[in-house]
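# A closer look at the structure
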Amino acid sequence: MEMAIGLVEHAAIAVAIQIAIGLTTRNWWAGGLAACCYFIGRELAQAEYRWIEQYGEGLRANAPWWAAFDSRVWTTADQFADFIGPIVACTVLAFSMSRRTTQP
């Protein structure tokens, strides 16, 4: 249940950001990219914090550059859903709006 809530919330927020940027710039792909980068960065930061807690003795200085990409800290589906949801939602909207503006 938690995964579904996070998936919908993050996708809705990402689409809202995309709409704001898309309406302002008429570039729906840029809006989607900005929104998705926010959620990808957020999840990577959380993964890095999990790595520091689990393997870095609680010290940021002990974390290697690749800590956020260590598969040992990506253990639940909701961690992936939190950034996959926005990617899927923003891609669908950007594709739809791109097709809409290019058709006669």
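Below, the structure is looked at part by part. (Residues numbered from 1 in each chain as written. Predicted model: local features only at pLDDT ≥ 70, side-chain atom pairs only at ≥ 80, totals over all residues. Heavy atoms only, no water.)

### Describing the nonpolar core
By size, the foremost hydrophobic cluster in this structure holds nine residues: Ala-47, Trp-51, Ile-52, Ala-63, Ala-67, Ala-68, Val-73, Trp-74 and Phe-83. Among the elements that make up this core, the one with the highest residue count is helix α2 (residues 28–55) (three residues). The contact partners of Trp-51, leaving out residues within four places of it in the chain, are Gly-56, Asn-62, Ala-63, Pro-64, Trp-66, Ala-67, Asp-70, Arg-72 and Val-73. The next biggest cluster of nonpolar side chains, apart from the first, holds five residues, and it includes Ala-14, Ala-35, Cys-36 and Cys-90. (Core = buried A, V, L, I, M, F, W, Y, C linked by side-chain atoms within 4.5 Å. Buried < 20%, exposed > 50% of the residue type's maximum accessible area, 1.4 Å probe, protein only. Helix = DSSP H or I, 4+ residues; strand = E, 2+ residues; numbered from the N terminus. Contact = heavy atoms within 4.5 Å.)

### Considerations on a nonpolar patch on the surface
Judged by side-chain polarity, Phe-80, Ile-84, Val-88 and Val-92 come together as a nonpolar surface patch covering roughly 330 Å² of accessible area. The topology assignment puts Val-92 in helix α3 (residues 77–102). (Patch = residues over 30% accessible without salt bridge, like charges linked within 9 Å, V, L, I, M, F, W, Y side chains within 5 Å. Areas by Shrake-Rupley, 256 points an atom, 1.4 Å probe, with all protein chains shown as cover. Salt bridge = Lys/Arg side-chain N within 4 Å of Asp/Glu carboxyl O.)

### So, unusual backbone geometry
Within the chain, Arg-26 stands out as a residue other than glycine whose phi angle is a positive 65°. Among the structural elements, Arg-26 can be located in the loop between α1 (2–25) and α2. Despite not being glycine, Glu-57 has its phi angle at roughly 55°, a positive value. Counting through the fold element by element, Glu-57 comes out in the loop between α2 and α3. Judged by its relative accessible area of 71%, Glu-57 is exposed.

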